Amino acid sequence: MQSGKELPSILITGMKHSGKSCHGEALARHLTLPFTDLDRLVMERYWAQGGKESSVRRLYRNEGKQRFMALEAEAAKALKQDERAMVVSTGGGIADNDGVLAGFHDEGGRSFLIIHLRLPEGLLFARIVAGGLPPFLEGEGGIKGARERFHHLCLRREKVYRRYADLVFDLEDRSRKENSQIIIRGVDTFLSGKKE
Ligand SMILES: Nc1ncnc2c1ncn2[C@@H]1O[C@H](COP(=O)(O)OP(=O)(O)OP(=O)(O)O)[C@@H](O)[C@H]1O
Ligand SMILES: O=C(O)C1=C[C@@H](O)[C@@H](O)[C@H](O)C1
Ligand SMILES: [Mg+2]
């Protein structure tokens, strides 16, 4: 493994519940880098501006998608100015927030290694349902309607994640530990290839 100084910052993208946070934390521990979550930075920014909602879900539902996305763009901008190497998990909606993912990919100065986690759509949806439908899937048609909306969201977002990804992991229904190991090995191989 390489020392913290040589490591790039790593940004993890993927649909809701693809494991961005749990695998991101495992990767950060492995690389001995700090871990942060863009949704968390959005909340901190919102509270610093006097916001009262207590969670991302409530902020998104009660203040609206536009407010959430404006905060997400601000948080991303601040993150890019932070010079420390770190592992960052994103919210799934970053793909819909114009220019934010592109900014991590191409904007001068700091380089982020962008990792995209893919899982079978049905597995993701089952995990989402187990935790309660998020506001961006709510609407008509009950669970069938939500599944349909999720399908279209996957089609649209997967293209965007892929466009900016340096590394794509096609994961299956394995334990968290096994999937984390696959990602850690893949990142180690990618980074050691870059060093040569
Ligand atoms: N084998 C598994 N690997 C990863 N996550 C799993 C697994 N089995 C169940 N889960 C569940 O899937 C959910 C997704 O995990 P995690 O929060 O890391 O994903 P995420 O991509 O960060 O989600 P979000 O987009 O909501 O931030 C968690 O609720 C976790 O308990
Ligand atoms: O997939 C989405 O659209 C979102 C996912 C969450 O992590 C949050 O980033 C927000 O609620 C939007
Ligand atoms: Mg997460």
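As annotated in an unreviewed UniProt entry, the protein carries the name Shikimate kinase and is attributed to Sediminispirochaeta smaragdinae. As its UniProt record puts it under Subunit (unreviewed entry), the protein is described as follows: "Monomer."

Considering the pattern of salt bridges
Evaluated as defined, the whole model comprises twelve salt bridges. Here D170 and R118 are joined by a salt bridge, their closest N and O atoms 2.8 Å apart. Here D170 is found in strand β5 (residues 167-170), whereas its partner R118 is found in strand β4 (residues 112-118), with 52 residues between them in sequence. Through salt bridges with shared partners, a single ionic network connects D96, R156 and R157.

Let's talk about the side chain of D37
Looking at the secondary structure, you find D37 in strand β2 (residues 35-37). Although buried, D37 forms no salt bridge, and the nearest oppositely charged side chain, K20, lies 8.0 Å from it. Of the polar contacts made by the side chain of D37, one reaches the side chain of S21; its length is 3.1 Å. Excluding anything up to four places from it in sequence, D37 contacts S21 and S89.

Some points on the sheet that holds β2
The five strands are arranged β2-β3-β1-β4-β5 in an open sheet whose pairing can be described as parallel. Of all strands in the sheet, those bounded by a partner on one side alone are β2 and β5. For this sheet, the mean angle separating the axes of adjacent strands, direction not counted, is 20 degrees. Inspection of the sheet shows β4 paired to β5 by four bridges, in the parallel sense. Paired with L117 across the strands is F169, a residue of β5. Across the sheet, helix α1 (residues 20-31) is in contact with β1 (9-14), β2, β3 (87-89) and β4; its angle to β1 comes to roughly 160 degrees.

Structural notes on the layout of surface pockets
The calculated volume of the largest pocket comes to roughly 530 Å³. If you trace the largest pocket, you find 25 residues lining it, with K16, D39, G91, G92 and F136 closest to the centre. In terms of residue count, the dominant contributor to the lining of the largest pocket is helix α4 (residues 65-81) (four residues). The residue inventory of the lining of the largest pocket, partitioned by class, reads eight nonpolar, eight polar and nine charged.

Considerations on the packing of helix α2 (residues 38-48) against helix α3 (residues 56-63)
Contact pair α2 / α3: the axes reach a minimum separation of 10 Å and the direction vectors enclose 60 degrees. Accordingly, the angle class assigned to the pair α2 and α3 is oblique. The chirality of how α2 crosses α3 is left-handed. On α3, the residues that touch D39, V42, M43 and Y46 of α2 are V56, L59 and E63. Of the residues contributing to the contact of α2 with α3, the split by class is five nonpolar, no polar and two charged.

Let's talk about the UniProt feature "binding site: Mg(2+)" (unreviewed entry) in the protein
Residues annotated in UniProt with the feature "binding site: Mg(2+)" (unreviewed entry) correspond here to S21. If you trace the backbone, S21 turns up in helix α1. The residues contacting S21, other than those within four sequence positions of it, are F35, D37 and S89.

Quick notes on the UniProt feature "binding site: substrate" (unreviewed entry) in the protein
Feature annotation in UniProt places "binding site: substrate" (unreviewed entry) on D39, G92 and R157, given in this structure's numbering. As for the annotated residues named above, the ones lining the largest pocket are D39, G92 and R157. Relative to the elements of secondary structure, D39 occurs in helix α2. Owing to a relative accessible area of 22%, D39 belongs among the partly exposed residues under this scheme. Ignoring any residue separated from it by four or fewer positions in sequence, one finds D39 in contact with V56, F68 and G91. Tracing the chain through its elements places G92 in the loop between β3 and α5 (100-106). Those residues within four positions of G92 in sequence are excluded, and the remaining contacts are G14, K20, R157 and Y161.

Conventions used here
Residues numbered from 1 in each chain as written. Chains lettered and ligands numbered in written order. Predicted model: local features only at pLDDT ≥ 70, side-chain atom pairs only at ≥ 80, totals over all residues. Heavy atoms only, no water. UniProt positions renumbered as here; feature names shortened; annotations may be inferred. Salt bridge = Lys/Arg side-chain N within 4 Å of Asp/Glu carboxyl O. Helix = DSSP H or I, 4+ residues; strand = E, 2+ residues; numbered from the N terminus. Buried < 20%, exposed > 50% of the residue type's maximum accessible area, 1.4 Å probe, protein only. Lys, Arg positive; Asp, Glu negative; His and termini not counted. Polar contact = N/O pair within 3.5 Å; in protein donor to acceptor, adjacent residues only side chain to side chain. Contact = heavy atoms within 4.5 Å. Pairing = 2+ DSSP bridges. Axes fitted to C-alpha atoms, helices over the stretch in contact; angles between N-to-C directions. 1 Å grid on protein atoms, 1.4 Å probe; cavity = no way out; pocket = protein on both sides within 12 Å on 5 of 7 lines; lining within 4 Å. Points joined across faces, edges and corners; volume = space filled by probe spheres on them. Nonpolar A, V, L, I, M, F, W, Y, C, P; charged D, E, K, R; others polar. Parallel < 35°, antiparallel > 145°, perpendicular 65-115°, else oblique. Left-handed = near helix turned anticlockwise from the far one by under 90°.

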